[in-house]
Amino acid sequence: MGPELIAILALVALFVVGTLLPINMGALAYVAAWLVGMYALDMEEKDILAGVSGDLILTLIGVTYLFAIARNNGTVDLIVATAVRAVGGRVALIPWVMFAVTALLTSIGAASPAACAIIGPIALGFAGRYKINPLMMGMFVVHGAQGGGFSPISIYGVITNSVMEEAGLPVGELTLFFASLVVNLIMAAILFVLFGGRQLMKQRLDPDDDTVHGHREGVSVPARGTGDTTTSTIQSQGVRRDQVLTLVAFVSVAVVALAFEKNIGFVAITAAVILAMLNAQQHKDAVKQIAWPTVLLVAGVSTYATILTKAESPQYVGLWAAGLGVAALGALVLCYVGGVVSAFASSTALLPIIIPIAVPLINEGGINAVLFVAALAISSTIVDVSPFSTNGALMLANRPDTITEPVYYKQILTYSVIVVIVGPLLVWAALVLPGW
């Protein structure tokens, strides 16, 4: 048995064990990476450890540290209260605003993880305070990031269009962009219907007394969140100096990370350290609120993703799919390869690998190149809701206190498994079959 198959079987095994037993899947992934790397690939231990995504780990630490400080001093509650007033107390609009803002950020060039890191904690702050389903809210942010992520000037869009051009394939920039936007809008609409969106449409929030009113039922329910600062308290006390400084820090992080293209992990942790130094006693325990279980999860899984790449498992399955007699069937297999691999690894790194594998199918199978590549791109990014990917991990790391970490993890994991199983098939049916 070749190393590519061993790596695939080990991935299945760690996934099954991590699902059935209450063991952090990151720890299991480290064990699998060590065993497969050492004994199937003859890798040195230092090379195995080199696979961990330091960029992602620092992003998780920096962002959760910064928002821990913001929760401690009431700044997150201040942002939530201000935003609620801006939408006129219409609770049902809040998830869609989060979707739109995140989509806008990625469509104008922001990296998807950066946009999710900035908007995700704020969105989940809404969820915790106003009884919005946190899974729906977190996934709205991720789908928003992916929905805008394939504009002609976005990172995903530039990568995909460049790879197509280099491979001699026709480029359809707007087709790619709108296909991704529509698919992710549909996913968001489904989430909205299934996870309480219709009930939210019946509610109005009174920003003056922090109460949610259910018009049809004629009831008023206090909306208490995880912070200590309610809307009425904010209004009576005004905005404090430390909150102003934290707001300045948020804006600075967004500007430096997005406009100047600096690593958001470094920027966020720098801002957090500065704020902590200004009031060290108040924020001495903020570091304990960093999402350490999520850090372990992502560190282990990203390490094992490197093992999969080293074993050339994606190429092995992709080339096998390209060799199938029916082009449309091979296209479906490639969509699933993109979805499954990207659920554990970087979508940005996968796109330049999987698109060239599809060239034989396009040239010999008579498949519409633009629609097929759009299906591949969407299948490879829609699964970024996975808790093992950057965006999904950020949503897991910033969960509201109203839900426990194991429960929230299982919810995100279940949703991502459903997306991986169903998503590529639906995208393939909608885009590949009509162009075949």
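What you are looking at is a predicted structure, and each value in this text was computed from that prediction instead of being measured. Residue positions are counted from 1 within each chain, in the order its sequence is given. Residue-level local features of this predicted model are given only where pLDDT is at least 70; pairs of side-chain atoms are given and counted only at 80 or more, and the full residue set underlies all totals for whole chains, interfaces and linings. With hydrogens and water set aside, each side-chain value is computed from the structure's full complement of heavy atoms.

1. Thoughts on the overall build of the protein chain
- Where helices and strands are cited, they refer to DSSP runs of H or I of at least four residues and of E of at least two residues respectively, numbered from the N terminus. Helix and strand content of the protein chain: 22 helices and 3 strands.
- Taken across its 436 residues, the protein chain has 54% of its residues classed as buried.
- Put simply, of all contacts in the protein chain between residues at least 6 apart along the chain, 76% involve residues at least 24 apart.
- On the protein chain, roughly 18,100 Å² of surface is accessible, and the fraction owed to carbon and sulfur atoms is 66%. Each residue gets one of three labels from its accessible area relative to the maximum for its type: buried under 20%, exposed over 50%, partly exposed in between, using a 1.4 Å probe on protein chains only. The contact rule is simple, with two residues in contact once any of their heavy atoms fall within 4.5 Å. All accessible areas in this document rest on Shrake-Rupley with a 1.4 Å probe, and a residue is counted as covered only by the protein chains that are shown.

2. Some points on the packing of helix α17 (residues 327-342) against helix α22 (residues 405-432)
- Packing of α17 against α22 leaves a shortest axis separation of 9 Å and a crossing angle of 140°. When the axis of α17 is compared with that of α22, the two are oblique. The chirality of how α17 crosses α22 is right-handed. For the pair α17 and α22, contact is made by Ala328, Ala331, Leu332, Cys335, Tyr336, Gly339 and Val340 and by Val420, Ile421, Pro424, Leu425, Trp428 and Val432, respectively.
- Classification convention: Asp, Glu, Lys, Arg as charged; Ala, Val, Leu, Ile, Met, Phe, Trp, Tyr, Cys, Pro as nonpolar; all other residues, Gly among them, as polar. For the contact of α17 with α22, the residue count by class is 12 nonpolar, 1 polar and no charged. Think of each axis as a best-fit line through the C-alpha atoms, taken over the contacting stretch in the case of a helix, with angles from 0 to 180 degrees between the N-to-C directions. Throughout this description, any angle smaller than 35 degrees is read as roughly parallel, any larger than 145 degrees as roughly antiparallel, any in the 65 to 115 degree range as roughly perpendicular, and the remainder as oblique. Left-handed describes a crossing in which the near helix is turned anticlockwise from the far one by less than a right angle; the clockwise case is right-handed.

3. Observations regarding the packing of helix α5 (residues 75-86) against helix α7 (residues 112-129)
- One can describe the packing of α5 onto α7 by two numbers: an axis separation of 10 Å at closest approach and a directional angle of 80°. Taken as axis vectors, α5 and α7 run roughly perpendicular relative to one another. Between α5 and α7, the residues in contact are Val76, Asp77, Ile79, Val80, Ala83 and Val84 and Ile122, Gly125, Phe126 and Arg129, respectively.
- Residue composition of the contact of α5 with α7, grouped by class: 7 nonpolar, 1 polar and 2 charged.

4. Focus on the environment of Tyr39
- Residue position: Tyr39 is located in helix α2 (residues 25-39).
- By relative accessible area, Tyr39 is classed as exposed at 60%.

5. Description of the environment of Ala117
- For Ala117, the location among the structural elements is in helix α7.
- Assessed through its relative accessible area of 2%, Ala117 is described here as buried.
- When the C-alpha positions of Ala117 and Val63 are compared, they lie 6.5 Å apart, and in sequence the two are 54 residues distant.
- When sequence neighbours within four positions are dropped, the list of residues in contact with Ala117 reads Thr59, Val63, Phe67, Ile264 and Leu394.

6. What to know about the packing of aromatic side chains
- Aromatic pairs are defined between Phe, Tyr and Trp rings, using the six-membered ring for Trp, whenever the two ring centres lie within 6.5 Å; interplanar angles under 30 degrees are classed as stacked, those over 60 as edge-to-face, and all others as tilted. Evaluation of the coordinates by the stated rule reveals 10 aromatic pairs.
- With 5.1 Å between their ring centres and 5° between their planes, Phe344 and Phe388 make a pair best called stacked. Residue Phe344 is found in the loop between α17 and α18 (347-357), and its partner Phe388 is found in the loop between α20 (369-381) and α21 (390-397); the two are separated by 44 residues along the sequence. The same class applies to Phe344 as to Phe388, namely buried.
- Through pairs of rings, three or more aromatic residues link up here, namely Trp96, Phe99, Phe140 and Phe192.

7. Digging into helix α6 (residues 93-107)
- Taking 1.5 Å per residue, 15 residues should reach 21 Å; α6 reaches 21 Å between its end C-alpha atoms and fits that length.
- Taken residue by residue, α6 has Ile94, Pro95, Met98, Phe99, Thr102, Ala103, Leu105, Thr106 and Ser107 as its buried positions.
- Taken together, the buried residues of α6 touch α5, α7, α8 (134-147), α10 (173-194) and α13 (241-259).
- Of the residues flanking the end of α6, it is Gly109, one or two places downstream, whose phi is positive at about 120°. In this scheme, a helix's expected span is set at 1.5 Å multiplied by one less than its residue total.

8. What about a nonpolar patch on the surface?
- A contiguous nonpolar surface patch, about 500 Å² in accessible area, is contributed by Val12, Val16, Val17, Leu20, Leu21 and Ile23.
- Along the chain, Ile23 turns up in the loop between α1 (3-20) and α2. A patch consists of residues exposed above 30% relative accessible area that lack any salt bridge, with like charges linked at up to 9 Å and nonpolar side chains (Val, Leu, Ile, Met, Phe, Trp, Tyr) linked at up to 5 Å. Here, a salt bridge means any side-chain nitrogen of Lys or Arg that lies within 4 Å of a carboxyl oxygen of Asp or Glu.

9. Description of the confidence of the model for the protein chain
- Summary statistics for the protein chain give a mean pLDDT of 83 and a share of 90% for residues scoring 70 or more.
- Mean pLDDT across the elements of the protein chain bottoms out in strand β3 (residues 219-222) (44) and peaks in α8 (95).
- pLDDT expresses how confident the predictor is about each individual residue, on a scale running from 0 to 100. Per-residue pLDDT stays below 50 along residues 215-236; that stretch engages in 51 contacts with residues further than four places along the chain or on separate chains.

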